[in-house]
Amino acid sequence: MEELKERILKEGKFIKPDILKVDSFLNHMVDAKLLRNIAMEFKKAFSSENITKIVTIESSGISIAAFCAYEFGVPFVFAKKYNATNLDPDCFCAEVFSFTKQTTSNIRISKKYITKDDNVLIIDDFLANGKAILGLYDIIRQAGAKLAGCGIVIEKSFQPGRKILDDMGIKVVSLARISSIEGGKISFLD
Ligand code: 5GP
């Protein structure tokens, strides 16, 4: 997606050799028009699937999933990372190792909000090692739901996540695929 790649080149900053900061349009301040265009791209890519629910993980997936849910005309559910007294105790749970925080958290989705009749599209901002997607997929399987595929805004193709998901036969659509960041220069795969 050209518009997205241009924004990455213009505003993206590598804060560590493998962590890209895009908080001027995606992760902190959010460009709603760009997100609407992103959601429309995912809608085109998954138009042949009868998606019934969008699933993401808090917190940076939420704004993207909200636009996607509007575009697909279905609800979205975000997996919670933190336990709270108002969280339904009857949840599907999975462990996820966070690439950016280097900690493990237990993600949860209430059993009320994902069922065996769902055909799920997972949405996330980044794909690195694939742990967030695999945690969400674990929950989808526990619910007996079907996974239609994953929509990723920025894939760091030099990290192993994409290959892992490809090897599992999971359909992945990434709107920007970063092949390398040598010398601070960002290159895209296609
Ligand atoms: P994975 O689970 O695939 O290793 O990492 C994906 C998750 O980690 C995403 O949900 C995203 O929030 C975070 N993440 C991974 N790499 C980056 C990055 O380069 N920049 C930012 N801002 N977040 C990242």
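Here, the structure is the one placed above.
What you see is a predicted model, and the numbers here were worked out from it, not measured in a lab. (Residues numbered from 1 in each chain as written. Predicted model: local features only at pLDDT ≥ 70, side-chain atom pairs only at ≥ 80, totals over all residues. Heavy atoms only, no water.)

Engineer: Give a detailed account of the overall build of the protein, specifying residues and quantitative values.
Structural biologist: When its secondary structure is counted, the protein shows five helices and 10 strands. A compact globule built from 190 residues would reach a C-alpha radius of gyration of about 16 Å, and the protein, at 16 Å, matches this within 12%. Once the C-alpha set of the protein is aligned to its principal axes, its extents read approximately 50 × 35 × 35 Å. Counting all 190 residues of the protein, 50% fall into the buried class. Restricting to contacts in the protein with at least 6 residues of sequence separation, those with at least 24 account for 61%. Entry remark: accessible area of the protein is about 9,500 Å², with carbon and sulfur atoms responsible for 52%. Averaging the locations of the 27 positively and 24 negatively charged side chains of the protein gives two centres separated by 1 Å. (Helix = DSSP H or I, 4+ residues; strand = E, 2+ residues; numbered from the N terminus. Rg over C-alpha atoms; globule rule 2.2 N^0.38 Å. Buried < 20%, exposed > 50% of the residue type's maximum accessible area, 1.4 Å probe, protein only. Contact = heavy atoms within 4.5 Å. Areas by Shrake-Rupley, 256 points an atom, 1.4 Å probe, with all protein chains shown as cover. Lys, Arg positive; Asp, Glu negative; His and termini not counted. Charge placed at Lys NZ, Arg CZ, Asp CG, Glu CD.)

Engineer: Give me unusual backbone geometry: which residues, what numbers.
Structural biologist: Residue Glu58 is joined to Ser59 through a cis peptide bond whose omega torsion reads 5°. Among the structural elements, Ser59 can be located in the loop between strand 3 (53-57) and helix 3 (61-72). Even without glycine at this site, Gln102 takes up a positive phi of about 60°. Relative to the elements of secondary structure, Gln102 occurs in the loop between strand 5 (91-97) and strand 6 (104-110). On the basis of relative accessibility, which here comes to 51%, the residue Gln102 falls in the exposed class.

Engineer: For the packing of aromatic side chains, give the residues involved together with the corresponding values.
Structural biologist: In total, this model carries one aromatic pair according to the counting rule given. Centroid distance Phe76 to Phe78: 6.5 Å. Interplanar angle 35°. Geometry classified as tilted. One Lys or Arg, Lys5, reaches over the ring of Phe188 and ends 5.5 Å from the middle of that ring. (Phe/Tyr/Trp six-rings, centres within 6.5 Å; stacked < 30°, edge-to-face > 60°. Lys NZ or Arg CZ within 6 Å of the ring centre and 35° of its normal.)

Engineer: Summarise the side chain of Glu58; cite the residues concerned and give the values.
Structural biologist: Mapped onto the elements of the fold, Glu58 is located in the loop between strand 3 and helix 3. Buried charged residue Glu58 carries no salt bridge. Nearest counter-charge: Lys80, at 6.0 Å. A distance of 2.7 Å separates the side chain of Glu58 from the backbone nitrogen of Lys81, its partner in a polar contact. Every residue in contact with Glu58, bar those within four places of it in the chain, is listed here: Phe78, Ala79, Lys80, Lys81 and Tyr82. (Salt bridge = Lys/Arg side-chain N within 4 Å of Asp/Glu carboxyl O. Polar contact = N/O pair within 3.5 Å; in protein donor to acceptor, adjacent residues only side chain to side chain.)

Engineer: Account for the site of the ligand, with residues named and values stated.
Structural biologist: The environment of the ligand is made up of 17 residues, and the closest members are Leu20, Asp124, Gly130, Ala132 and Lys156. Within the backbone of Asn129, an N or O atom sits 2.8 Å from an oxygen atom of the ligand. Taking 510 Å² as the accessible area of the ligand by itself, protein coverage stands at 89%. Most atoms of the ligand, that is more than half of them, are within 2 Å of grid points of the largest pocket. (Near = heavy atom within 4 Å. 1 Å grid on protein atoms, 1.4 Å probe; cavity = no way out; pocket = protein on both sides within 12 Å on 5 of 7 lines; lining within 4 Å. Sits in = over half its atoms within 2 Å of the grid points.)

Engineer: How would you sum up the pattern of salt bridges? Please name residues and give values.
Structural biologist: Overall, the coordinates contain 14 salt bridges when judged by the stated rule. A salt bridge links Arg162 to Asp166, with the nearest nitrogen and oxygen atoms 3.1 Å apart. Taken as a pair, Arg162 and Asp166 lie in helix 5 (residues 161-167) at a separation of four residues, close to a single helical turn. Relative accessible area serves as the criterion here: at 39%, Asp166 is assigned to the partly exposed category. Notably, a salt bridge pairs Asp190 with Arg177, separated by 3.8 Å at the nearest N-O pair. Of the two residues, Asp190 sits in the segment after strand 10 (187-188) while Arg177 sits in strand 9 (residues 172-180), which places them 13 residues apart along the sequence. Taking relative accessible area as the criterion, Asp190 reaches 59% and is therefore assigned exposed.

Engineer: Tell me about the side chain of Lys53, residues and numbers included.
Structural biologist: Mapped onto the elements of the fold, Lys53 is located in strand 3. Within polar-contact distance, the side chain of Lys53 engages the backbone oxygen of Tyr113 at 3.0 Å. For Lys53, the contacting residues outside a window of four places in its chain are Val74, Pro75, Val77, Tyr113, Ile114, Asp118, Asn119, Val120 and Leu121.

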